[in-house]
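Structural description and commentary
Here are the chains, one letter per residue:
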Amino acid sequence: MTENRVVAITGASNGMGLEAATLFAARGWRVFAGARRVERIPQDNGIVALPLDVTDSASNSAFVEAILAATDGRIDVIINNAGYGEFGPAEEIPMAEVRRQFETNFFGAVELTQLVLPAMRKAAAGRIVNVSSIGGDIYMPLGAYYHATKAALQQWSDVLDVEVSSFGVRSVIVQPGGTESAWGEIAMANAEKNLREGSPYGPLVAKVKAALARQASSSSATSADLAQVFFRAATDPKPKSRYFNALGDRAVVKLARTTPGLLRVALSRILKV
Ligand SMILES: NC(=O)c1ccc[n+]([C@@H]2O[C@H](COP(=O)([O-])OP(=O)(O)OC[C@H]3O[C@@H](n4cnc5c(N)ncnc54)[C@H](OP(=O)(O)O)[C@@H]3O)[C@@H](O)[C@H]2O)c1
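Below is a short write-up of the structure. (Residues numbered from 1 in each chain as written. Predicted model: local features only at pLDDT ≥ 70, side-chain atom pairs only at ≥ 80, totals over all residues. Heavy atoms only, no water.)

Moving on, we get to helix α3 (residues 95–123). End to end, α3 covers 40 Å across 29 residues, agreeing with the expected 42 Å (1.5 Å per residue, within 8%). Along α3, the sharpest kink reaches roughly 45°, centred on F107. One or two steps after α3, the chain reaches A124, where phi turns positive at roughly 55°. (Helix = DSSP H or I, 4+ residues; strand = E, 2+ residues; numbered from the N terminus. Expected span 1.5 Å × (residues − 1). Bend = angle between axes of the 7 residues up to and from the residue.)

In structure tokens, the structure reads:
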């Protein structure tokens, strides 16, 4: 009965997470939606908004405990969606920011998953939906640590899936391509913030910023489109290891995996780097 199904969604104050919270609630799910800006999450029609900072172990524990207390121990699906791009030159991003990138995009998902797995194993059912990116397989300059977190998330999800599938739990990956949200603005603001005084990487930041702006103006995917993909990944009776919104996203990932050198050549041509 979908009426009783329970989903936990991280990063639900904006973009894909917010759209997913609305979509699951509209389809009769009990939605527990977390973010730091909890006041931005709508508190109606089946959505319970909870404060959550995925970089904070106490916050992660409180989030999962609050859900288990409200649902008598049930969590059917967790969507590890919270994430951002700590863009900037690999040489110059302060280590504290490199660590924060991993704490948010990777370790947060890891810890929350450890916290929900006992309930899922007990129920002999559960789905862990991890929001990576096509950038888990392809990359662009200034995104070294972002791409590393998404590649890590994919490898981890695949290993986890093997370990938990015999308990009725599956771990899957969604790989969005460029999608309308606050992501691009935040990534580029970080790239500028992370430039050191007199940095030799200023021209590269300008080139990547222009390329991202061009891509944003040509991108047709919306956060609502990706929410549909999250729903598919969460409910597919035959779970797949990867879910994509567009054929082009799937194709570009396939090409990058089969011909790793090609992307380097393409970046040289496009960005003259
Ligand atoms: N948009 C794209 O083009 C694109 C492409 C590929 C992959 N993705 C991935 O898709 C996911 C969703 O991004 P989006 O595009 O929807 O971006 P967005 O509009 O910036 O939303 C990101 C969400 O993550 C939350 N978040 C960030 N840090 C957090 C933390 N420490 N604890 C809890 N929540 C946190 C934010 O909430 P608070 O700030 O309120 O905490 C916000 O709700 C991310 O993992 C992103 O890497 C995006």
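This part covers the site of the ligand. Around the ligand sit 30 residues in total, of which S13, N14, R36, Y146 and S181 are the nearest. In the environment of the ligand, a nitrogen atom lies 3.0 Å from a nitrogen or oxygen atom belonging to the side chain of D53. Taking S181, its side chain carries an N or O atom lying 2.6 Å from an oxygen atom of the ligand. Protein contact buries 96% of the 880 Å² of open area that the ligand shows by itself. Every element with two or more residues in the shell around the ligand is listed here: α1 (15–26), α4 (144–164) and α5 (183–193). Looking at side-chain class alone, the shell around the ligand contains 12 nonpolar, 14 polar and 4 charged residues. (Near = heavy atom within 4 Å. Polar contact = N/O pair within 3.5 Å; in protein donor to acceptor, adjacent residues only side chain to side chain. Areas by Shrake-Rupley, 256 points an atom, 1.4 Å probe, with all protein chains shown as cover. Nonpolar A, V, L, I, M, F, W, Y, C, P; charged D, E, K, R; others polar.)

Another aspect to go through is the sheet that holds strand β6 (residues 169–174). Strand order in this open sheet of 7 strands is β3-β2-β1-β4-β5-β6-β7, and the pairing throughout is parallel. The two strands at the open ends of the sheet, each matched to only one other strand, are β3 (47–51) and β7 (242–243). Sheet analysis places strand β1 (residues 6–10) next to strand β2 (residues 30–35), joined by 5 bridges and oriented parallel. Residue pairing for β2: I9 is matched across the bridge by A33. Contacting β5 (126–131), β6 and β7, α4 crosses the sheet at an angle of about 160° to β6. Strand contacts of helix α7 (residues 223–235): β4 (77–80), β5, β6 and β7, with the helix running at about 145° to β5, the strand carrying the most contacts. (Pairing = 2+ DSSP bridges. Contact = heavy atoms within 4.5 Å. Axes fitted to C-alpha atoms, helices over the stretch in contact; angles between N-to-C directions.)

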